[in-house]
Number of protein chains: 2
Amino acid sequence: MLIGQLGSVQTHRPNARLIDEGQLLERPRLIRSGWACRARYLTNGRRQILNFYLPGEIMGLSADVDGAAQASYVSLTRLSTLDLGMLRSMVIERPHDVPAVTAAFHVMRLHEEYHLLSQVVRIGQQKAFERVAHLLLEFHARLSKSGLTEGNSFQLPLTQEVLGDGLGLSAVHVNRTFKLLKRKGYVKTGRSSVTLLEPEALSQVAGYREPMDYRPVDRAAFPHISISEPTRRPVPAMRPPAAFGRDTGSSPNGRPIGDSVS
Amino acid sequence: MLIGQLGSVQTHRPNARLIDEGQLLERPRLIRSGWACRARYLTNGRRQILNFYLPGEIMGLSADVDGAAQASYVSLTRLSTLDLGMLRSMVIERPHDVPAVTAAFHVMRLHEEYHLLSQVVRIGQQKAFERVAHLLLEFHARLSKSGLTEGNSFQLPLTQEVLGDGLGLSAVHVNRTFKLLKRKGYVKTGRSSVTLLEPEALSQVAGYREPMDYRPVDRAAFPHISISEPTRRPVPAMRPPAAFGRDTGSSPNGRPIGDSVS
DNA sequence: CGAAAATTTGATCAGCATCAATTTTAGTGG
DNA sequence: CCACTAAAATTGATGCTGATCAAATTTTCG
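Given the structure is predicted, the values throughout are model-derived calculations rather than measurements.

Let's shift gears to the overall build of chain A. A tally of helices and strands in chain A yields six helices and 15 strands. Taking all 262 residues of chain A together, 55% fall into the buried category. Long-range pairs, those at least 24 residues apart, make up 73% of the contacts in chain A between residues at least 6 apart in sequence. Roughly 11800 Å² of accessible area belongs to chain A as shown, and the carbon and sulfur atoms make up 51% of that amount.

Right, here's the structure in full:
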């Protein structure tokens, strides 16, 4: 059973609060064009961007759907979104009737959490240079899933202040970091575009790893939706997850494992 | 229909990798005693703790259940866990037969995401003093839900190095920050206990807010489980979420809203 | 009791914030 | 299309925060 009609299209101006923290988060929305984010606003007037939503991605699939939003949803550019409330209802009520959509929703939830974890590691463990590089690599990978990259280039319609809000850096330092990235030959910037000149080397220095499940979402799940740029291009298969250092079997104190089962 | 028998109990030594990143994350586990975390390990030997799991909480309810773990699950102390795989199966297959458990799982997922968002804000926007204070306040609130606080005191069985891994700080600086917290009269520390001397003032300076839905989980959902300390005590009702500044209606450029529906 | 882990303290230094000013870019109305 | 204005990017100078290294002390635990 496929989708007859989807929800309504909405457009928003840049920097509009779509949903404020605490408000009812009713339904997910597919981003048809533009960028958005989820953010927490502090009493000192600052904000921390928790999560970016790129064209082709869905916002409002996190655990707080159908409840009070855990953070504010904010547009970062002009934004066009498509209401997916009906699709979500179908997934909840008759998941087996819409297996592709059900799977796609799950994959997107997984990705959102993955990006959130990456965000914590970036901010918690990396220096400015690595943070910016890491985020650019992530943006490129995510946009390429929707066919919105042109080789190693992509449109980045965010101000350096917005990037700072997401990276835990001041806008000034984001600027200096970009300068350094350019001077070292890692990236090139146009008016609002970025080109990764040395993606592999950059991934190396930024400690960037492709997520395990990072194949493009099955677009067949959204038969009536076409993403802004139809530049869809085959995406190379990603390498499998790198297993980590084996330590589960031996104690840091050198003793055998004491796990017991009752 | 209630639960006849639950899964097996397992115990783990401190610092054991329960599940490595990329491994199959099969089933959630209730923590009967001890502390654990979810962490990403970097190639430079460091790690970032993404999420702490306290006694009475459930690990393995995130989006990656039944798939490849998005991070490693690691014990931080001696740990006793109870397998909830069977409960989860019931929730998935016949949620209406176990409404209390279904609701409890959902609440715990919500809380886990909430804590993750707090983690991003702490690390991204706060200074060391605020970070440590904020985390201590969160620990106290979370432990009190399981009745594991004694007034404003609680057991904190983590080393300062572990706290540093979670706060994006060096162990040395965690130490200095604790010293400052004590000198300023905000907290008192015992061998492995913490007492919050001025919780309200501390919440103020740390920008700490109770999450919206922070009432204790309905323990009736887990009839056969008793948490370590049966010191359960009524928890005061929390204040409703503070609504944020209204901005959705007016443009930063002073123009009327251009939202359109098609 | 003895050894290893954890905490504590001191000293030095790098990274980034902050403030301030200038230049460039983008958006608007004429 | 150009002039004008606000936003964004850029650059410089200065200072604070927290990392790092090293060593001493205390606590924990077998």
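Having seen it, we continue.
The next subject is the layout of surface pockets. In this structure, the largest pocket spans a volume of roughly 1800 Å³. Residue lining of the largest pocket: 37 residues in total, with A:Ile92, A:His106, A:Arg109, B:Ile92 and B:Arg109 positioned closest to the centre. Of all elements in the fold, only helix H1 (85-93) and helix H2 (99-125) of chain A together with helix H1 (85-93) and helix H2 (99-125) of chain B reach the threshold of two or more residues within the lining of the largest pocket. Among the elements that take part in the lining of the largest pocket, H2(A) stands out by supplying eight residues, more than any other. Its residues assigned to classes, the lining of the largest pocket comprises 17 nonpolar, eight polar and 12 charged.

Neighbouring residues of DNA strand C: 18 residues in total, closest A:Arg46, A:Ala128, B:Gln160, B:Asn175 and B:Arg176. For DNA strand C, the fraction of atoms within 4 Å of the protein that belong to sugar or phosphate moieties is 67%. Backbone polar atom of A:Ala128 to a phosphate oxygen of DNA strand C: 2.7 Å apart, as the coordinates give it. Between DNA strand C and the protein, one listed contact pairs a phosphate oxygen with a side-chain N or O atom of A:His173 at 3.4 Å.

This next bit is on the sheet that holds strand S7 (residues 58-59) of chain A. Residue and element names in this part refer to chain A. Across the sheet, four strands lie side by side as S1-S10-S4-S7; this open sheet has antiparallel pairing. Of all the strands in the sheet, just strand S1 (9-12) and S7 have a single pairing partner and so form its edges. Bridging between strand S4 (residues 29-33) and S7 involves two bridges; their strand directions are antiparallel. Across the sheet, residue Arg29 finds its bridge partner in S7, namely Met59.

All names here are of chain A. A sheet is described by the order of its strands in space; here four strands give the open sequence S11-S12-S14-S13, paired in antiparallel fashion. Bordering the open sheet on either side are strand S11 (149-150) and strand S13 (187-189), each of which pairs with just one other strand. Bridging between strand S12 (residues 153-155) and strand S14 (residues 193-196) involves three bridges; their strand directions are antiparallel. By the bridge assignment, Ser153 is partnered in S14 with Thr195. The strands touched by helix H3 (residues 128-145) are S11, S12, S13 and S14; relative to S12, the strand with the most contacts, the crossing angle is about 85°.

Residues and elements named next belong to chain B. Counting buried positions over the five residues of strand S10 (residues 79-83) gives five, a clear majority of the element. A two-sided burial pattern is seen for S10, the buried positions comprising Leu79, Thr81 and Asp83 on one face and Ser80 and Leu82 on the other. Strand direction decides the pairing type here: strand S1 (residues 9-12) and S10, joined by four bridges, are antiparallel. Pairing of His12 across the sheet is with Leu79, part of S10. Where strand S4 (residues 29-33) lies against S10, four bridges are found, and the strand directions are antiparallel. Across the sheet, Ser33 pairs through a bridge with Ser80, a residue of S10.

Next up on the list: the protein's contact with DNA strand D. In the region of DNA strand D, 17 residues are neighbours, and A:Gln160, A:Asn175, A:Arg176, B:Arg46 and B:Ala128 sit closest. A distance of 3.0 Å separates a phosphate oxygen of DNA strand D from a polar side-chain atom of B:Ser170. Contact distances for DNA strand D include 3.5 Å between a phosphate oxygen and a side-chain N or O atom of B:His173. Of all elements in the fold, only helix H5 (171-183) of chain A together with helix H5 (171-183) of chain B reach the threshold of two or more residues within the surface near DNA strand D.

Attention now goes to H5(B). In an α-helix there are 3.6 residues to a turn, and that puts residues three or four apart on one side. Its 13 residues place the ends of H5(B) 18 Å apart at the C-alpha level, agreeing with the 18 Å of an ideal helix rising 1.5 Å per residue. Here the buried face of H5(B) lies against helix H3 (128-145), helix H4 (160-167), strand S13 (187-189) and helix H6 (199-206) of chain B.

Before going further, it helps to spend a moment on the packing of aromatic side chains. All names here are of chain A. Per the stated rule, a full pass over the model turns up eight aromatic pairs over all chains. Centroid distance Trp35 to Phe139: 4.9 Å. Interplanar angle 90°. Geometry classified as edge-to-face. Taken together, the residues span a long stretch of sequence, with Trp35 in the loop between S4 and strand S5 (36-41) and Phe139 in helix H3 at a distance of 104 residues. According to the relative accessible area criterion, Trp35 is buried, its value standing at 3%. Where Phe52 meets Phe139, the ring centres are 5.2 Å apart and the plane angle is 90°; that geometry is what we call edge-to-face. Of this pair, Phe52 sits in strand S6 (residues 47-53) while Phe139 sits in helix H3, placing them 87 residues apart in sequence.

Further remarks concern the packing of H2(A) against H3(A). Residues and elements named next belong to chain A. Contact geometry for H2 and H3: axes closest at 10 Å, N-to-C directions at 165°. The orientation of H2 with respect to H3, classified from their angle, is roughly antiparallel. Here the hand of the crossing between H2 and H3 comes out right-handed. Residue-level inspection shows His111, His115, Ser118, Arg122 and Ile123 of H2 in contact with H3, the latter providing Arg131, His134, Leu135, Glu138, Arg142 and Lys145.

Before going further, it helps to spend a moment on the confidence of the model for chain A. Counting all residues, the mean pLDDT for chain A is 83, and 79% of those residues have values of 70 or more. In the model, residues 223-262 of chain A has pLDDT below 50 throughout and makes 67 contacts with residues more than four positions away in sequence or in other chains.

A few words on the packing of H3(A) against helix H6 (residues 199-206) of chain A. All names here are of chain A. At a minimum axis separation of 9 Å, H3 and H6 run at an interaxial angle of 130°. Classed by the angle they form, the pair H3 and H6 counts as oblique. Considering how the two elements wind past one another, H3 and H6 form a crossing that is left-handed. Along its contact with H3, which presents Phe129, Glu130, Ala133, His134 and Leu137, the element H6 presents Pro199, Leu202, Ser203, Val205 and Ala206.

Scoring rules and cut-offs
Residues numbered from 1 in each chain as written. Chains lettered and ligands numbered in written order. Predicted model: local features only at pLDDT ≥ 70, side-chain atom pairs only at ≥ 80, totals over all residues. Heavy atoms only, no water. Helix = DSSP H or I, 4+ residues; strand = E, 2+ residues; numbered from the N terminus. Buried < 20%, exposed > 50% of the residue type's maximum accessible area, 1.4 Å probe, protein only. Contact = heavy atoms within 4.5 Å. Areas by Shrake-Rupley, 256 points an atom, 1.4 Å probe, with all protein chains shown as cover. 1 Å grid on protein atoms, 1.4 Å probe; cavity = no way out; pocket = protein on both sides within 12 Å on 5 of 7 lines; lining within 4 Å. Points joined across faces, edges and corners; volume = space filled by probe spheres on them. Nonpolar A, V, L, I, M, F, W, Y, C, P; charged D, E, K, R; others polar. Near = heavy atom within 4 Å. Polar contact = N/O pair within 3.5 Å; in protein donor to acceptor, adjacent residues only side chain to side chain. Pairing = 2+ DSSP bridges. Axes fitted to C-alpha atoms, helices over the stretch in contact; angles between N-to-C directions. Expected span 1.5 Å × (residues − 1). Phe/Tyr/Trp six-rings, centres within 6.5 Å; stacked < 30°, edge-to-face > 60°. Parallel < 35°, antiparallel > 145°, perpendicular 65-115°, else oblique. Left-handed = near helix turned anticlockwise from the far one by under 90°. pLDDT = per-residue confidence, 0-100.

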